[in-house]
Amino acid sequence: MKPIIFLFYRDLRLLDNIALIRAVETGKPIIPVYIHDLSASSYLLEGSVSEWWLFNSLRELDKSLRKLNSKLILRRGNREKVLKNIIKATDAEAVYFSSRYCGFENTEDEVLSKSLDVPYRRFKGYLLSEPEKLRTKSGTAYKVFTPFYKAFLEAQEIAEIVPAPKMLVSPRNWPETEDIESWNSKTRNIDIYDGIGVFWSPGEIGALSRLEIFNDVVDNYNIDRDRPDLDGTSMLSVHLHFGEISPRTCWRRIQKPHQNEGRSAFLRELVWREFSYNLLCQYPDMETQPMQKLFLHFPWSEKTEPLELWKQGMTGYPLVDAGMRQLLKKGWMHNRVRMVTASFLIKHLLTDWRLGADWFRSRLIDADPASNTASWQWVAGCGADASPFFRIFNPITQGKRFDPKGNYIRNWVPELKNLPNKYIHEPWLAPESVLDKSDVFLGVSYPHPIVDHKFARQRALDVLAKIKR
DNA sequence: CCGAACTTTGG
DNA sequence: CAAAGTTCG
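In this report, the structure presented in the accompanying data block is examined. Along each chain, the written sequence defines residue order, and numbers are assigned to residues from 1. Chain letters and ligand numbers both follow the written order, the letters beginning at A and the numbers at 1. In keeping with the predicted nature of the model, local features appear solely for residues at pLDDT of at least 70, side-chain atom pairs appear and are counted solely at 80 or more, and the whole-chain, interface and lining totals rest on all residues. Heavy atoms throughout the structure, all of them, feed into the side-chain values; hydrogens and water do not.

As a further point, take helix α1 (residues 18–25). The buried label goes to any residue with under 20% of its type's maximum accessible area, the exposed label to any with over 50%, and the partly exposed label to all in between, with areas taken from a 1.4 Å probe on protein chains only. Secondary structure follows DSSP: runs of H or I at least 4 residues long count as helices, runs of E at least 2 residues long count as strands, and numbering of each begins at the N terminus. Listing the buried residues of α1 in full gives I18, A19, L20, I21 and A23. Contacts were defined at the residue level, with two residues in contact if any of their heavy atoms lie within 4.5 Å. Buried residues along α1 sit in contact with β1 (4–7), β2 (30–36), β4 (94–98), β5 (120–123) and α11 (247–255). Just downstream of α1, G27 is the residue with a positive phi angle, here 80°.

Have a look at this one:
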């Protein structure tokens, strides 16, 4: 019997994998394949942190497949060439895969479906709703979240998940595979790799247990999610990005036992993910082009030094620096702090949002072309947002509000850890005696603010007013 | 075409 | 409570 090639992309899971279960249901031998095509991964930059995740996740997937009497074939190179090569070597009769969305991936899939001699079959699963499905009453795509959200809730009944396959039939002969360990050693050039494993469990098992951990605290999600000093967020973004868990699994699990504000706040966040993909499909060049054309000629600062200080977490604003250092160490940043740090780079330093988005993409394990880009544009004020003009986050008040005891600061900016709560968010106001006693030497052990908040805020408002004219 | 509404706002 | 333009029904 001719085998089917199952091509894994961003669906590195067995549970609720519709494409996989359809392939298995044919009763034919299955050849699970992952092709690492560097030219194709526009949002997985070489040496990026999410590559660390990808390789670990693939190793986990291989382990799971082996329990089903199968294994994962790993190959590198041009996806089309490698795929043709495997089809020829195995005499496969079809390729099954889970749909990817937008930009490069869609065009690639179109090319593949035409150039392969066998059917190239696409299935849903990455999103809860197909991007082209939800439209406004006038037939256009949504540009504002809330109406989109309401329409989503009315239109969608989230179906039950499909089980993982019990067994995969092996082909008579397996195609060649590569050793994942040799892929790993190639990207060890980022210092963060050394410790990052303690924070995370890549793979489907890690994803499902993460969901259970979150389920224990989700009832307070509507309040705690804003607190970077607590573990109140789901931390599921990276698992969702790689498809180690389906959004449907998350939805059904969190919605199930009872409804409350915490649970619906999380479901709403899942719809934000849908909304971001909707926008990416609407604006395929969203990663480089502002959605609002007004911003095409924004006079961004040419200075590189402030950008570097921001990247290293040396701006002199404790909350900003804590966030940027959390990103460096953990490959992840709390969402509230992502907004504050992004706003600081754009509004206080007048740096092009694309440079910030690039840095996030290269350093975030959960870097996602839709969510990352849509959010940066939202903060910059050029994205899908109805009232962006005067929103300039105050890094000091944000700190006081959302990290009231300064625990988040103390954790990620240890040189400030002895400062009393009163000054932890604005060390430059502390009297000399307090600084001395806390072993803080401004300008030496911790920087002075690289820009004055009040001045920077007014400057940003002035520039924005200017381009509006 | 009109009115209501707009994720996370600042002072 | 201001600020202000666009989107959606």
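Counting through the fold element by element, D352 comes out in the loop between α15 (335–348) and α16 (353–363). The exposure class of D352 is buried, given its relative accessible area of 14%. Each polar contact in these results corresponds to two N or O atoms within 3.5 Å; when the atoms are within protein, one needs to be able to donate a hydrogen and the other to accept it, and residues that are neighboring in sequence are counted only if both atoms are side-chain atoms. Of note is the side chain of D352, whose polar atom sits 3.0 Å from the backbone nitrogen of R354.

With that settled, consider unusual backbone geometry. The phi angle at N69 is positive, at roughly 70°, despite the residue not being glycine. Locating N69 in the fold gives a position in the loop between α2 (49–67) and β3 (73–76). Here the phi dihedral of D439 falls at roughly 60°; this positive angle occurs in a residue that is not glycine. The residue D439 is located in the loop between α21 (432–437) and α22 (453–468) in this model.

This next bit is on the sheet that holds β3. One bridge is not enough; two strands pair if DSSP finds at least two bridges between them. A sheet is described by the order of its strands in space; here five strands give the open sequence β3-β2-β1-β4-β5, paired in parallel fashion. Two strands bound the open sheet, and with one partner strand each, they are β3 and β5. Sheet twist, expressed as the average angle between the axes of neighbouring strands with direction ignored, equals 30°. Bridging between β4 and β5 involves four bridges; their strand directions are parallel. If you follow V95 over to β5, its bridge partner there is Y120. Strands β2 and β3 of the sheet are contacted by α2, whose axis makes an angle of about 170° with β2. Orientation is described by lines fitted to C-alpha atoms, with helices fitted over the stretch in contact, and by angles between N-to-C directions that extend from 0 to 180 degrees.

Those residues of helix α5 (residues 145–155) not exposed but buried are F145, F148, Y149, A151 and F152. With its buried residues spanning 165° around the axis, α5 presents them on a single face. Turned more than 90 degrees away from the buried face of α5, the exposed residues are K150 and E154. Of the surrounding secondary structure, the elements contacted by the buried residues of α5 are α11 and α12 (261–282). Of all possible arcs, the one meant is that of the directions from the helix axis to the C-beta atoms.

Interhelical geometry of helix α14 (residues 318–330) versus α16 gives an angle of 35° and a closest axis separation of 9 Å. Residues M324, L327 and L328 of α14 lie in contact with α16, whose contacting residues are W359, F360 and R363. Each residue belonging to the contact of α14 with α16 can be placed in one class, and the counts come to five nonpolar, no polar and one charged. Asp, Glu, Lys and Arg are counted as charged, while Ala, Val, Leu, Ile, Met, Phe, Trp, Tyr, Cys and Pro are counted as nonpolar; the rest, among them Gly, fall into the polar class.

On to the pattern of salt bridges, then. For this analysis, a salt bridge means a side-chain nitrogen from Lys or Arg found within 4 Å of a carboxyl oxygen belonging to Asp or Glu. Scanning the entire structure with this criterion turns up 24 salt bridges. For the salt bridge of R227 with D229, the shortest nitrogen-to-oxygen distance reads 2.8 Å. In this structure, K400 engages E426 in a salt bridge whose closest nitrogen and oxygen atoms are separated by 2.6 Å. Remark: E426 occurs in the loop between α20 (421–424) and α21 and K400 occurs in helix α18 (residues 395–402); sequence separation between them is 26 residues. Here K400 falls in the partly exposed class, since its relative accessible area comes to 43%. For E426, a relative accessible area of 11% gives the class buried. One network of salt bridges, in which partners are shared, links R79, R100, E108 and D109.

Our focus in this paragraph is the packing of aromatic side chains. Only Phe, Tyr and Trp rings are paired, with Trp represented by its six-membered ring, and only when their centres lie within 6.5 Å; those with planes under 30 degrees apart are stacked, over 60 edge-to-face, the remainder tilted. Under the counting rule described, the total for this entry stands at 28 aromatic pairs. Here the aromatic rings of Y221 and F266 are separated by 5.7 Å at their centres, their planes lie at 85°, and the arrangement is edge-to-face. You can see Y221 sitting in helix α9 (residues 221–224) and its partner F266 sitting in helix α12, a full 45 residues away along the chain. With a relative accessible area of 7%, Y221 lands in the buried category. Here F266 falls in the buried class, since its relative accessible area comes to 3%. Ring centres 5.8 Å apart and planes at 0° place the aromatic pair F295 and F298 in the stacked group. Overall, F295 belongs to the buried group, its relative accessible area being 6%. Following the ring pairs from residue to residue traces out a cluster consisting of Y142, F145, F148, Y149, W272 and F275. By the criterion adopted, a ring carries a charge over it if an Arg CZ or a Lys NZ lies within 6 Å of its centre and within 35 degrees of its normal. Its guanidinium or amino end placed over the ring of Y9, R100 lies 3.6 Å from that ring's centre, counting from NZ or CZ. One cation-aromatic arrangement involves R336 over F402; the distance from NZ or CZ to the ring centre is 4.0 Å.

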